[in-house]
Amino acid sequence: MLGLKLPTDPRWVNIVEKNIKDILIDHAYCEQKAASTAISLIISFPEYTELVEEMIELVNEEMSHFKMVYDLILEKGWILGRDRKDDYVIALIQFFPKGGSRTTQLVHRLLYAALIEARSCERFRLLSEELEDKKLAKFYRKLMISEAGHYTMFLNFARKYGDRNEVDKKWQQLLEFEAEIMKGLSNKESIHG
């Protein structure tokens, strides 16, 4: 369903099991960044009314997810801690050239967002099925369903605002590029790394 070309190495869950605190902190910041992306899309493309409406909803949802993860961190007696760079996203956003028309910029940002949500969904599915902590596994199952909806929303907006054939071609190219990035990841205590 997600179209990812390279699945996460299942051994990544072993890293997660040994580093729950780091994963939860990284996850909290991922939710914050997702809300920031939605806000940025509103600021950059206010003329797309339907997109703005959906992004308003997304900001609220992502911040509620942040609160849920933050509460888990506090429940375990930890503090949020500092954000770390996301090697996955840094590598991913190098794919499309900078510049181009506003529509091209919008489509590229929507495709990046779709792919990040798709990878998060795939990772959350793995966590929901493999984590020994059943409460945490159930938590990730719930979030997996939400991420799948975000992935399709972003991809559908890209197809709506761009030329469908061109968007689908770019999407496939981005998926191939992302698979190459993933070959060097799945070895860190982070949601995408």
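For every chain, the first residue of its written sequence is number 1, and the numbers climb from 1 along that sequence. This being a predicted model, a pLDDT of at least 70 is required before a residue's local features are given, and a value of 80 or more before pairs of side-chain atoms are given or counted; all residues contribute to the totals for chains, interfaces and linings. For the side-chain quantities, the full set of heavy atoms in the structure was used; hydrogens and water were omitted.

Student: Report on the packing of helix α2 (residues 20–44) against helix α3 (residues 49–75), specifying residues and quantitative values.
Tutor: Between α2 and α3, the least distance of the axes is 8 Å, while the angle of their chain directions is 165°. Looking at the two axes, α2 sits roughly antiparallel to α3. You can see that α2 and α3 cross each other, and the crossing is left-handed. For the pair α2 and α3, contact is made by Leu 24, Ile 25, His 27, Ala 28, Glu 31, Gln 32, Ala 34, Ala 35, Ala 38, Ile 39, Leu 41 and Ile 42 and by Val 52, Met 55, Ile 56, Leu 58, Val 59, Glu 62, Met 63, His 65, Phe 66, Val 69, Leu 72 and Ile 73, respectively. For this classification, Asp, Glu, Lys and Arg are treated as charged, while Ala, Val, Leu, Ile, Met, Phe, Trp, Tyr, Cys and Pro are nonpolar and the rest, including Gly, are polar. For the contact of α2 with α3, the class distribution of residues is 19 nonpolar, three polar and two charged. Only the stretch in contact is used when fitting a helix axis, every axis being a line fitted to C-alpha atoms; angles between N-to-C directions are given from 0 to 180 degrees. Under the DSSP-based scheme used, a helix requires at least four consecutive residues in state H or I and a strand at least two consecutive residues in state E, with every element numbered from the N terminus. Relative orientations are named as follows: roughly parallel for angles under 35 degrees, roughly antiparallel for angles over 145 degrees, roughly perpendicular for angles from 65 to 115 degrees, and oblique for any other angle. Left-handed is the label given to a crossing in which the near helix is rotated counterclockwise from the far helix by less than a right angle, and right-handed is the label when the rotation is clockwise. Two residues qualify as a contact provided that any one of their heavy atoms is within 4.5 Å of a heavy atom in the partner residue.

Student: Kindly report on helix α7 (residues 164–183), identifying the contributing residues and their values.
Tutor: An expected span of 1.5 Å times one less than the residue number is assigned to each helix. With 20 residues, α7 extends 29 Å between its outermost C-alpha atoms, agreeing within 8% with the 28 Å of an ideal straight helix rising 1.5 Å per residue. Whether a residue is buried, partly exposed or exposed follows from its accessible area with a 1.4 Å probe, protein chains only, as a fraction of its type maximum: under 20%, in between, or over 50%, in that order. Residues of α7 that are buried include every one of Val 167, Lys 170, Trp 171, Leu 174, Leu 175, Glu 178, Ala 179, Ile 181 and Met 182, and no others.

Student: With reference to specific residues and values, describe the packing of α2 against helix α5 (residues 102–130).
Tutor: In the contact formed by α2 and α5, the axes pass within 12 Å of each other and the chain directions differ by 160°. Judged by the inter-axis angle, α2 sits roughly antiparallel to α5. Considering only the axes of α2 and α5, their crossing is left-handed. Taken together, the residues of α5 that come into contact with α2 (itself represented by His 27, Glu 31, Ala 34, Ser 40, Leu 41 and Ser 44) are Arg 102, Leu 106, Arg 109, Leu 110, Glu 117 and Phe 124. A breakdown of the residues in the contact of α2 with α5 according to their chemical character gives five nonpolar, three polar and four charged.

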